Amino acid sequence: MENIEIFKALSNKSRLQMLEWLKEPEINFPGQLEHGGFEHGVCVGQIQAKAGLTQSTVSEYLSILQRAGFIESKRVGQWTYYKRNEGAFEALSKLIQSNL
(Lines give C-alpha, C1' and ligand atoms only; values in the text may rest on other atoms or scores of the structure.)
Protein backbone atom coordinates (compact mmCIF):
# COMPACT_ATOMS: atom_id res chain seq x y z
CA MET A 1 0.00 0.00 0.00
CA GLU A 2 1.22 3.51 -0.77
CA ASN A 3 2.39 5.66 2.11
CA ILE A 4 -0.31 8.24 1.46
CA GLU A 5 -3.01 5.58 1.93
CA ILE A 6 -1.45 4.49 5.21
CA PHE A 7 -1.52 8.03 6.55
CA LYS A 8 -5.06 8.57 5.26
CA ALA A 9 -6.16 5.56 7.31
CA LEU A 10 -4.73 7.25 10.40
CA SER A 11 -6.30 10.64 9.65
CA ASN A 12 -9.63 10.00 11.39
CA LYS A 13 -10.23 10.40 15.12
CA SER A 14 -12.56 7.40 15.39
CA ARG A 15 -10.17 5.10 13.53
CA LEU A 16 -7.31 6.23 15.78
CA GLN A 17 -9.46 5.52 18.83
CA MET A 18 -10.22 2.03 17.55
CA LEU A 19 -6.51 1.34 17.17
CA GLU A 20 -5.87 2.66 20.68
CA TRP A 21 -8.66 0.48 22.11
CA LEU A 22 -7.35 -2.61 20.32
CA LYS A 23 -3.90 -2.03 21.80
CA GLU A 24 -5.26 -3.03 25.23
CA PRO A 25 -8.45 -4.99 24.51
CA GLU A 26 -8.70 -6.46 28.02
CA ILE A 27 -9.04 -2.96 29.48
CA ASN A 28 -11.15 -1.41 26.73
CA PHE A 29 -13.57 -4.27 26.02
CA PRO A 30 -14.37 -5.97 29.34
CA GLY A 31 -17.67 -7.29 27.91
CA GLN A 32 -15.66 -9.45 25.51
CA LEU A 33 -14.69 -11.71 28.42
CA GLU A 34 -18.28 -12.95 28.57
CA HIS A 35 -18.02 -14.00 24.92
CA GLY A 36 -14.92 -16.17 24.99
CA GLY A 37 -12.06 -13.80 25.72
CA PHE A 38 -9.57 -12.32 23.28
CA GLU A 39 -8.06 -15.33 21.55
CA HIS A 40 -9.35 -14.20 18.14
CA GLY A 41 -9.45 -10.47 18.90
CA VAL A 42 -12.42 -8.23 19.66
CA CYS A 43 -15.85 -8.85 18.19
CA VAL A 44 -17.01 -6.15 15.81
CA GLY A 45 -20.16 -5.71 17.91
CA GLN A 46 -18.06 -4.74 20.93
CA ILE A 47 -16.16 -2.19 18.83
CA GLN A 48 -19.38 -0.74 17.46
CA ALA A 49 -20.95 -0.43 20.92
CA LYS A 50 -17.90 1.39 22.29
CA ALA A 51 -17.58 3.67 19.25
CA GLY A 52 -21.24 4.67 19.29
CA LEU A 53 -21.29 4.70 15.50
CA THR A 54 -23.50 2.85 13.05
CA GLN A 55 -22.58 -0.68 12.10
CA SER A 56 -21.90 0.38 8.52
CA THR A 57 -19.55 3.19 9.59
CA VAL A 58 -17.63 0.90 11.95
CA SER A 59 -17.35 -1.74 9.22
CA GLU A 60 -16.06 0.84 6.76
CA TYR A 61 -13.50 2.16 9.25
CA LEU A 62 -12.30 -1.33 10.11
CA SER A 63 -11.97 -2.14 6.40
CA ILE A 64 -9.84 0.95 5.87
CA LEU A 65 -7.59 0.01 8.79
CA GLN A 66 -7.35 -3.56 7.53
CA ARG A 67 -6.42 -2.51 3.97
CA ALA A 68 -3.69 -0.31 5.48
CA GLY A 69 -2.44 -3.37 7.37
CA PHE A 70 -3.02 -2.03 10.89
CA ILE A 71 -5.54 -4.69 11.90
CA GLU A 72 -6.30 -8.30 11.05
CA SER A 73 -9.67 -10.01 11.05
CA LYS A 74 -10.80 -13.53 11.75
CA ARG A 75 -14.23 -14.96 11.05
CA VAL A 76 -15.51 -17.43 13.66
CA GLY A 77 -18.98 -18.70 12.87
CA GLN A 78 -21.18 -15.66 12.35
CA TRP A 79 -18.82 -13.30 14.20
CA THR A 80 -15.87 -11.28 12.94
CA TYR A 81 -13.05 -10.46 15.32
CA TYR A 82 -10.36 -7.82 14.94
CA LYS A 83 -6.94 -7.34 16.47
CA ARG A 84 -3.96 -5.11 15.86
CA ASN A 85 -1.14 -6.12 13.55
CA GLU A 86 1.81 -4.95 15.64
CA GLY A 87 4.19 -5.60 12.74
CA ALA A 88 2.49 -2.82 10.79
CA PHE A 89 3.22 -0.34 13.57
CA GLU A 90 6.87 -1.39 13.63
CA ALA A 91 7.04 -0.87 9.86
CA LEU A 92 5.39 2.53 10.20
CA SER A 93 7.92 3.54 12.84
CA LYS A 94 10.79 2.51 10.54
CA LEU A 95 9.19 4.37 7.64
CA ILE A 96 8.94 7.56 9.67
CA GLN A 97 12.48 7.25 11.01
CA SER A 98 14.06 6.55 7.63
CA ASN A 99 11.98 8.66 5.24
CA LEU A 100 10.44 11.56 7.13
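Criteria and thresholds
Residues numbered from 1 in each chain as written. Predicted model: local features only at pLDDT ≥ 70, side-chain atom pairs only at ≥ 80, totals over all residues. Heavy atoms only, no water. Core = buried A, V, L, I, M, F, W, Y, C linked by side-chain atoms within 4.5 Å. Buried < 20%, exposed > 50% of the residue type's maximum accessible area, 1.4 Å probe, protein only. Helix = DSSP H or I, 4+ residues; strand = E, 2+ residues; numbered from the N terminus. Axes fitted to C-alpha atoms, helices over the stretch in contact; angles between N-to-C directions. Parallel < 35°, antiparallel > 145°, perpendicular 65-115°, else oblique. Left-handed = near helix turned anticlockwise from the far one by under 90°. Contact = heavy atoms within 4.5 Å. Nonpolar A, V, L, I, M, F, W, Y, C, P; charged D, E, K, R; others polar.

Undergrad: I'm lost on the nonpolar core in this one. Help?
TA: Most often, soluble globular proteins keep nonpolar side chains buried together rather than apart. Counting 24 residues, the largest nonpolar core has M18, I47 and F70 as its most contacted members. Mapped by element, the contributors of at least two residues to this core are α1 (3-9), α2 (13-23), α5 (55-67) and α6 (86-99). Considering every element that reaches this core, the biggest residue donor is α5, with five residues.

Undergrad: Quick question: what am I supposed to make of the packing of α2 against helix α4 (residues 44-51) here?
TA: When two helices pack together, their arrangement is given by the angle between the helix axes and by the axis-to-axis distance. In contact at an axis separation of 11 Å, α2 and α4 are set at 125 degrees when each is read in the N-to-C sense. On the basis of the axis angle, α2 is oblique to α4. With respect to the hand of their crossing, α2 and α4 are arranged in right-handed fashion. Counted together, M18, W21 and L22 of α2 and I47, K50 and A51 of α4 form the full contact between these two elements. Taken together, the residues of the contact of α2 with α4 sort by class into five nonpolar, no polar and one charged.

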